[in-house]
Amino acid sequence: MNRIYHSFYLAGYGGWIMPRLLRRVTARSEIHRAWLLGFLGFFEESGVRFSPANPCPPI
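Calculation notes
Residues numbered from 1 in each chain as written. Predicted model: local features only at pLDDT ≥ 70, side-chain atom pairs only at ≥ 80, totals over all residues. Heavy atoms only, no water. Buried < 20%, exposed > 50% of the residue type's maximum accessible area, 1.4 Å probe, protein only. Helix = DSSP H or I, 4+ residues; strand = E, 2+ residues; numbered from the N terminus. Arc of directions from axis to C-beta. Contact = heavy atoms within 4.5 Å. Phe/Tyr/Trp six-rings, centres within 6.5 Å; stacked < 30°, edge-to-face > 60°. Expected span 1.5 Å × (residues − 1). Salt bridge = Lys/Arg side-chain N within 4 Å of Asp/Glu carboxyl O.

## Observations concerning helix H3 (residues 30-40)
An α-helix turns once every 3.6 residues. As a result, residues three or four positions apart point the same way.
For step 1, the next point in the chain: His32, Ala34, Trp35 and Gly38 are the residues of H3 that are buried. When H3 is viewed along its axis, its buried side chains cluster within an angular range of 160 degrees and face the same direction.
For step 2, the next point in the chain: Considering only its buried residues, H3 is in contact with helix H1 (2-13) and helix H2 (20-25).
For step 3, the next point in the chain: Gly41 lies just past H3 and shows a positive phi near 95 degrees.

Shown next, in the form of structure tokens:
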């Protein structure tokens with residue numbers, strides 16, 4: 001199942017917009033949460049969580 005969640009996360013992170021019908025079918029599920037986290041740009045690196053509110057520092 002983790003591979004499926006990861007695939008949906010990467011699809012969201014890549015900018016894929018889930019069709020409305022599919023979003024309604026998957027509402028409040030782990031698949032929808034994985035897609036939404038990717039779509040909004042949330043990720044974790046070395047135990048530190050980054051998001052739009054806590055962006056990655058510039059290199």
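Having seen it, we continue.
## Quick word on the packing of aromatic side chains
For step 1, the next point in the chain: A complete count under the given rule lists four aromatic pairs for this structure.
For step 2, the next point in the chain: For the pair Trp35 and Phe39, a centre-to-centre distance of 5.0 Å together with 20 degrees between the ring planes defines the contact as stacked. Residue Trp35 and its partner Phe39 are both found in helix H3; the two are separated by four residues, about one turn of the helix.

## Side note on H1
For step 1, the next point in the chain: The end-to-end C-alpha distance of H1 is 16 Å, a good match for the 16 Å that 12 residues give at a rise of 1.5 Å each.
For step 2, the next point in the chain: Gly15 occupies a position one or two residues after H1 and carries a positive phi of about 100 degrees.

## As for the pattern of salt bridges
For step 1, the next point in the chain: All chains considered together, the criterion is met by two salt bridges.
For step 2, the next point in the chain: When the shortest N-O distance is used, the salt bridge between Arg33 and Glu30 registers 3.5 Å. Within this pair, Arg33 and its partner Glu30 are both found in helix H3, separated by three residues, close to a single helical turn.
For step 3, the next point in the chain: When the shortest N-O distance is used, the salt bridge between Glu44 and Arg49 registers 3.6 Å. Like Arg49, Glu44 is exposed.

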